[in-house]
Amino acid sequence: MSSCLSPQWTITEWYRNKGYEFTITTSTAYDHKWIPNRNIFDSISQVVDEIFNNFLARPGIQQPILTQYCDGKNVSCPNWMSQWGSKSLGDQGYSAIEILRNYYGSSIYINETNEISGIPSSYPGSPLRQGSSGDKVRQMQRQLNVIAGAYPLIPKIAEDGIFGPATEEAVKTFQKIFDLTQDGIVGFKTWYKISQIYVGVSRIAELN
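The residue count restarts for each chain, going from 1 along the sequence in the order it is written. Side-chain atom pairs in this predicted model are given and counted only at pLDDT of 80 or more, local residue features only at pLDDT of at least 70, and totals for whole chains, interfaces and linings cover all residues. No hydrogens and no water enter the side-chain calculation; it runs on all heavy atoms of the structure.

Focus on helix α7 (residues 165-177)
- The terminal C-alpha atoms of α7 lie 19 Å apart, and with 13 residues this matches the ideal 18 Å at 1.5 Å per residue to within 8%.
- Buried within α7 are the following residues: T167, E168, A170, V171, T173, F174 and Q175.
- Think of it this way: any DSSP run of H or I at least four residues long counts as a helix, any run of E at least two long counts as a strand, and we number them from the N terminus. One or two positions beyond α7, positive phi appears at D179, with a value near 55 degrees. Every helix has an expected span of 1.5 Å times one less than the residues it contains. Residue burial is assigned from relative accessible area. The probe radius is 1.4 Å, only protein chains are included, and a residue is buried under 20% of its type maximum, exposed over 50%, and partly exposed in between.

Structure, rendered in structure tokens:
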């Protein structure tokens, strides 16, 4: 008898047997399945990077709203949002929030959070650039220096909390390595990419 676990058992039973009260279904009605080496659209990846901290909410309700959907062609889902139905509304000039309210009611709105699990500190709220200063700049400089240990092309910089030409050059090099716009400005995407790589590099260092 083989000791290997079947993929179906891993997906449908493993988590509950570990005491968790959920199941991974790989159905778009509930969750999504990650497939290694699956191709993705760069434009969608960029959008996700820009809005990943957004969630849908209703007035007076703290937790995010579960928005179930289907493709609307191969699978029908009455009263749920559908991908092709959303495209049709978009073609008619509906905005993102108007499309959402068409399916989920006029009270729904797009909220956002700055508290991201696993990230040392949230985005400062506005871009850091030459002339910026303070604790957020110092933190970003410290993280870049740690990252530079694994990516030597990134120059080491003074952790003085002052965003000068040397810091800008380090940011541009980081952006080039990780396929970001090389403007030397630490906006939303660059801030969280620095945080993400910093956490990864730090954990690897701890393992060593």
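Some details on the state of the cysteines
- Two cysteine sulfurs form a disulfide in these notes if their separation is within 2.5 Å. Applying the stated criterion to the full structure yields one disulfide.
- Note that C70 is cross-linked by a disulfide to C77, the S-S spacing being 1.9 Å. Given an S-S torsion of about -80 degrees, the disulfide between C70 and C77 has left-handed geometry. Here the two residues C70 and C77 agree in accessibility, since each one is buried.

Quick word on the packing of aromatic side chains
- What counts as a ring pair is set by centres within 6.5 Å for rings of Phe, Tyr and Trp (its six-membered ring), and what kind of pair is set by the plane angle: stacked under 30 degrees, edge-to-face over 60, tilted for all other angles. One pass over the structure, following the stated rule, counts five aromatic pairs.
- Both rings, one in Y123 and one in F188, keep their centres 5.6 Å apart while their planes meet at 75 degrees; by these two values the pair is edge-to-face. Pair noted here: Y123 is in the loop between β4 (109-112) and α6 (135-148) and F188 is in helix α8 (residues 188-207), with a separation of 65 residues, a long-range link. F188 matches Y123 in its accessibility class, with the two residues each being buried.
- Seen from their ring centres, F188 and Y192 are 5.0 Å apart, and the 65 degrees between their planes marks the pair as edge-to-face. Linking F188 with Y192, this pair stays in helix α8, spanning four residues, or about one helical turn.
- We classify F188 as buried; its relative accessible area is 17%.
- Among the aromatic residues, those joined into a ring-pair cluster are Y123, F188 and Y192.
- Across the ring face of W84, the terminal group of K73 is positioned such that the distance to the ring centre comes to 3.9 Å. Here, a charge over a ring means that NZ of Lys or CZ of Arg falls within 6 Å of the ring centre while also lying within 35 degrees of the ring normal.

A look at a nonpolar patch on the surface
- Exposure above 30% relative accessible area and no salt bridge define the residues that can form patches, which grow by joining like charges within 9 Å and nonpolar side chains of Val, Leu, Ile, Met, Phe, Trp and Tyr within 5 Å. Only the protein chains shown count as covering a residue, and every accessible area follows the Shrake-Rupley method with a 1.4 Å probe. Salt bridges are identified by distance alone: a Lys or Arg side-chain nitrogen within 4 Å of an Asp or Glu carboxyl oxygen. On the surface, a cluster of nonpolar side chains totalling about 400 Å² of accessible area is made up of F41, I44, V48 and F52.
- Note on placement: F52 falls in the loop between α3 (42-51) and β1 (54-57).

Description of the packing of helix α4 (residues 83-91) against helix α5 (residues 96-104)
- Remark: α4 packs on α5, axes separated minimally by 10 Å, with the N-to-C direction vectors making an angle of 130 degrees. Taken together, the axes of α4 and α5 are oblique relative to one another. For α4 against α5, the interelement crossing comes out right-handed. Note on element contacts: α5 touches α4 through I99, N102 and Y103, opposite G85, S86, L89 and G90.
- When residue character is reported, Ala, Val, Leu, Ile, Met, Phe, Trp, Tyr, Cys and Pro are called nonpolar, Asp, Glu, Lys and Arg charged, and the others, Gly included, polar. In the contact of α4 with α5, the residues fall into three nonpolar, four polar and no charged. All axes are obtained by fitting lines to C-alpha atoms, using only the stretch in contact for helices, and the reported angles, taken between N-to-C directions, cover 0 to 180 degrees. Note on angle classes: values under 35 degrees are labelled roughly parallel, values over 145 roughly antiparallel, values of 65 to 115 roughly perpendicular, and the remainder oblique. It is the rotation of the near helix from the far one that decides the hand of a crossing: anticlockwise by less than a right angle makes it left-handed, clockwise makes it right-handed. Between two residues, a contact is recorded if the distance between any of their heavy atoms is within 4.5 Å.

Focus: the side chain of Q141
- With respect to the element layout, Q141 can be found in helix α6.
- Taking the relative accessible area as the measure of exposure, Q141 reaches 0% and is therefore buried.
- Definition of a polar contact: a pair of N or O atoms within 3.5 Å, with one able to donate and the other able to accept a hydrogen when the atoms are protein atoms, and with sequence-neighbouring residues admitted only if both atoms are side-chain atoms. A polar side-chain atom of Q141 sits 3.4 Å from the main-chain carbonyl oxygen of A158.
- Among the polar contacts made by the side chain of Q141, one reaches the main-chain amide nitrogen of G161 at a distance of 2.9 Å.
- Ignoring anything within four residues of it in the chain, the contact list for Q141 reads I157, A158, E159, D160, G161, I162 and T167.

The analysis is restricted to geometry; functional conclusions fall outside its scope.
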